[in-house]
Amino acid sequence: MHRATHRAAHRTNGPALESPPRTLDSYMIVGTLKLRLLIREARSLKEKRRVILSIKDRVRDAFNVSIAEVDAQDSHQQAVLGVAFVSNEKRFAQQVLAQIVNLVRSHPVAQLMDYELEV
């Protein structure tokens, strides 16, 4: 019992709870990607949603990113997807977002019309 009390006191008062000092090397890089797509085969919003869901699932499965449809929700042949990625290295964030562009570019149904990549 004395041992448990000692550990609890050590956890609450010990140096383990102190925040590590911030250094110039500790960065949080946020990369964003906007993808404009054309889905010619979609004849309804339901068909478009099926294609968009497939793209979002493929991207999420391959990369640890957030992805959502952010514009043109009422158009059955156009879609705009937004992607966000957080890293501690700018170069790595750029590489991941570039790989996502290539993955989407290779989709059999959706055609990548344009994209904006920002890190």
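For every chain, the first residue of the written sequence is number 1, and numbering continues from 1 along that sequence. Residues qualify for local features only when their pLDDT is at least 70, as the model is predicted, and side-chain atom pairs are given and counted only at 80 or more; totals for whole chains, interfaces and linings, by contrast, use all residues. To get the side-chain values, take all heavy atoms of the structure and skip hydrogens and water.

Peer 1: I tried to follow the sheet that holds strand E3 (residues 78-87) on my own but got confused; where do I start?
Peer 2: Within a sheet, each strand pairs with its neighbour through backbone hydrogen bonds, oriented either parallel or antiparallel. Strand order in this open sheet of four strands is E2-E3-E1-E4, and the pairing throughout is antiparallel. Strands with a single pairing partner mark the edges of an open sheet, and in this sheet they are strand E2 (66-71) and strand E4 (111-118). Here the average twist between neighbouring strands, direction ignored, is 25°. Here a strand pair is declared whenever DSSP counts at least two bridges between the two strands. Secondary structure elements follow DSSP: runs of H or I no shorter than four residues count as helices, runs of E no shorter than two count as strands, and numbering proceeds from the N terminus. Where strand E1 (residues 29-38) and E3 come together, 10 bridges link them in antiparallel fashion. Pairing of leucine 37 across the sheet is with alanine 79, part of E3. Each of E1, E2 and E3 touches helix H2 (residues 45-62); the most contacted strand, E3, lies at about 15° to it. We call two residues in contact when some of their heavy atoms are within 4.5 Å. Each axis is a line fitted through C-alpha atoms, taken for helices only over the stretch in contact, and angles between the N-to-C directions span 0 to 180 degrees. Helix-sheet contacts for helix H3 (residues 90-105) involve E1, E3 and E4, and the interaxial angle to E1 is about 15°.

Peer 1: Is there a simple way to think about H2 in this case?
Peer 2: What sets the pattern is the α-helix's 3.6 residues per turn: residues three or four places apart point alike. Taking 1.5 Å of rise per residue, the 18 residues of H2 would be expected to cover 26 Å, and the 26 Å separating its terminal C-alpha atoms lies within 8% of that figure. If you check which residues of H2 are buried, you get Lys48, Val51, Ile52, Ile55, Lys56 and Val59. The buried side chains of H2 occupy one side of the element, clustering within an arc of 135° when seen end-on. Opposite the buried face of H2, at more than 90 degrees from it, the exposed residues are Lys46, Arg49, Arg50 and Asp61. Buried residues along H2 sit against E1, E2, E3 and H3. Expected span, for any helix, means 1.5 Å times one less than how many residues it has. The cut-offs for exposure are 20% and 50% of the maximum accessible area for each residue type, with area from a 1.4 Å probe on protein chains only; residues under the lower value are buried, those over the upper are exposed, and the others partly exposed. Note that the arc is computed from the directions linking the helix axis to the C-beta atoms.

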